[in-house]
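# Remarks on the overall topology
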Amino acid sequence: MLDGLPIRWLESYGWLVLSGSADPHSEIRALALSRCNASGAVAYISLADDYGDALMDDLAELGAPSGYLVDLEDRDNNEIHERLSGAGMIVIEAGDDIHRLRRLMTQTVLHAMKEALQDGALVLFEGLAATLAGSYYLDPSGEVARALKFVEDVYVAVDVNSFLATETAQLVFQKRPDAVGVAIDKCSALVLGPDGHIETWGDKQITFSLGDPSRQADI
């Protein structure tokens with residue numbers, strides 16, 4: 001557990017896992033499975049080119065319980081809500097299109113995910129999806145826009161070993177100087193749980209930048 005970090009996240013009985021892009025040699029998915037609510041199925045949200053086939057195959061090989069792909073473009077909001085809110089684990093991969101994923105994350109989807117978290121589910125945000133778990137991202141016009149705010153006042157940069165390594169992160173700091181920057185490298189994950197519990201998984205290459213971008217903290 002890591003104390004004293006200036007970040008806040010959605011209060012629930014569940015777990016938020018913010019991970020760099022998937023890697024076949026990483027232990028993060030296996031660790032997520034060991035922590036998830038085994039009484040529920042695994043719900044997959046994928047905008048990858050293969051519609052989540054590789055993701056679901058890998059989780060199945062790791063011993064995941066039964067699962068299903070949730071189509072966020074389904075017109076039946078009740079179906080989407082039921083399939084997400086009842087899941088013991090939700091895995092989200094954005095592919096290369098963070099903007100499309102943000103558009104599809106409607107209030108119905110967010111409400112269902114929060115219900116699942118309140119029931120003790122684990123939500124794994126992989127790659128660019130982890131950026132959306134924070135408070136800010138850059139919209140298609142290059143403006144700082146509101147993300148999903150599962151983690152408050154935070155901008156999450158993925159697959160980099162320093163928050164300052166990306167122009168996007170620097171733009172966010174210019175517009176939101178009070179934001180906390182979190183850089184999560186590949187094969188690393190930041191894990192946020194009940195009662196303020198914080199862990200790091202995998203290679204643990206995670207860097208925090210606090211307000212002034214010249215100040216950094218590796219954990």
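Heads up: the structure comes first, above all this text.
A brief look at the structure comes next. Per-chain numbering applies: the sequence of each chain, read as written, is numbered from 1 onward. Side-chain atom pairs in this predicted model are given and counted only at pLDDT of 80 or more, local residue features only at pLDDT of at least 70, and totals for whole chains, interfaces and linings cover all residues. Water and hydrogen atoms were dropped before computing side-chain values, which therefore reflect all heavy atoms in the structure.

Mapped onto the elements, Asp 139 comes out in the loop between strand 7 (136–138) and strand 8 (144–146). For the buried Asp 139, which has no salt bridge, the nearest side chain bearing the opposite charge is Arg 176, at an N-O separation of 9.8 Å. Under the rule applied, a polar contact is a pair of N or O atoms within 3.5 Å (in protein, one hydrogen donor and one hydrogen acceptor; residues adjacent in sequence only if both atoms are side-chain atoms). A polar contact of 2.7 Å, which involves the side chain of Asp 139, links it to the side chain of Ser 141. Contact criterion: two residues are considered in contact whenever any of their non-hydrogen atoms come within 4.5 Å of each other. When sequence neighbours within four positions are dropped, the list of residues in contact with Asp 139 reads His 99 and Ala 145. Secondary structure is summarised from DSSP: a helix means a run of H or I of at least four residues, a strand means a run of E of at least two, and numbering begins at the N terminus for each. Summary of the burial criterion: residues with accessible area below 20% of their type's maximum are buried, those above 50% are exposed, and those between are partly exposed, where the area comes from a 1.4 Å probe applied to protein chains only. Here the positive residues are Lys and Arg and the negative ones are Asp and Glu; neither His nor the chain ends is included. Any carboxyl oxygen of Asp or Glu that lies within 4 Å of a side-chain nitrogen of Lys or Arg is treated as forming a salt bridge with it.

One can describe the packing of helix 3 (residues 77–85) onto helix 5 (residues 107–118) by two numbers: an axis separation of 8 Å at closest approach and a directional angle of 25°. With respect to their mutual orientation, helix 3 and helix 5 come out roughly parallel. In terms of crossing hand, the pair formed by helix 3 and helix 5 is right-handed. Contact with helix 3, carried on its side by Asn 77, Ile 80, His 81, Leu 84 and Ser 85, involves Thr 108, Val 109, His 111, Ala 112, Met 113, Glu 115 and Ala 116 of helix 5 and no other residues of that element. Under the convention adopted here, Pro, Cys and the residues Ala, Val, Leu, Ile, Met, Phe, Trp and Tyr are nonpolar, Asp, Glu, Lys and Arg are charged, and Gly plus all remaining residues are polar. Considered class by class, the residues forming the contact of helix 3 with helix 5 number 6 nonpolar, 5 polar and 1 charged. As a rule, the C-alpha atoms of each element are fitted with a line to give its axis, helices using only the stretch in contact, and angles between N-to-C directions run from 0 to 180 degrees. Angular relationships are summarised with four words: roughly parallel below 35 degrees, roughly antiparallel beyond 145, roughly perpendicular across 65 to 115, and oblique for the angles in between. Each helix crossing is assigned a hand: it is left-handed if the near helix lies turned anticlockwise from the far helix by less than a right angle, otherwise right-handed if that turn is clockwise.

Here the focus is empty space enclosed by the protein. Of the grid points, spaced at 1 Å and generated over the protein atoms alone, those admitting a 1.4 Å probe that cannot get out make up cavities, while open sets with protein on both sides within 12 Å along at least five of seven lines make up pockets; any residue with an atom within 4 Å of a point is treated as lining. Grid points are joined across faces, edges and corners, and a volume is the space filled by probe spheres set on the points. Within this structure, the stated rule accounts for 1 cavity of 30 Å³ or more. Roughly 60 Å³ of volume is contained in the largest cavity. Along the walls of the largest cavity sit Ser 19, Gly 20, Ser 21, Ala 22, Asp 23, Ser 26, Ile 28, Arg 29, Glu 126 and Cys 187, which together make up its complete lining. Broken down by class, the residue content of the lining of the largest cavity amounts to 3 nonpolar, 4 polar and 3 charged.

Right, let's talk about the layout of surface pockets for a bit. Its boundaries defined by the atoms lining it, the largest pocket holds a volume of some 250 Å³. Ser 21, Glu 93, Ala 94, Gly 95 and Asp 96 are the residues nearest the centre of the largest pocket, which is lined by 15 residues in total. Classifying every residue of the lining of the largest pocket gives 6 nonpolar, 3 polar and 6 charged.

One non-glycine residue, Asp 159, lies in the positive phi region at around 65°. Along the chain, Asp 159 turns up in the loop between strand 10 (154–158) and helix 7 (167–175). Looking at Asp 159, the relative accessible area reads 25%, which means it is partly exposed. Look at Cys 187: it is not a glycine, yet its phi comes out positive at around 65°. Mapped onto the fold, Cys 187 is located in the loop between strand 11 (180–184) and strand 12 (188–192). Taking relative accessible area as the criterion, Cys 187 reaches 14% and is therefore assigned buried.

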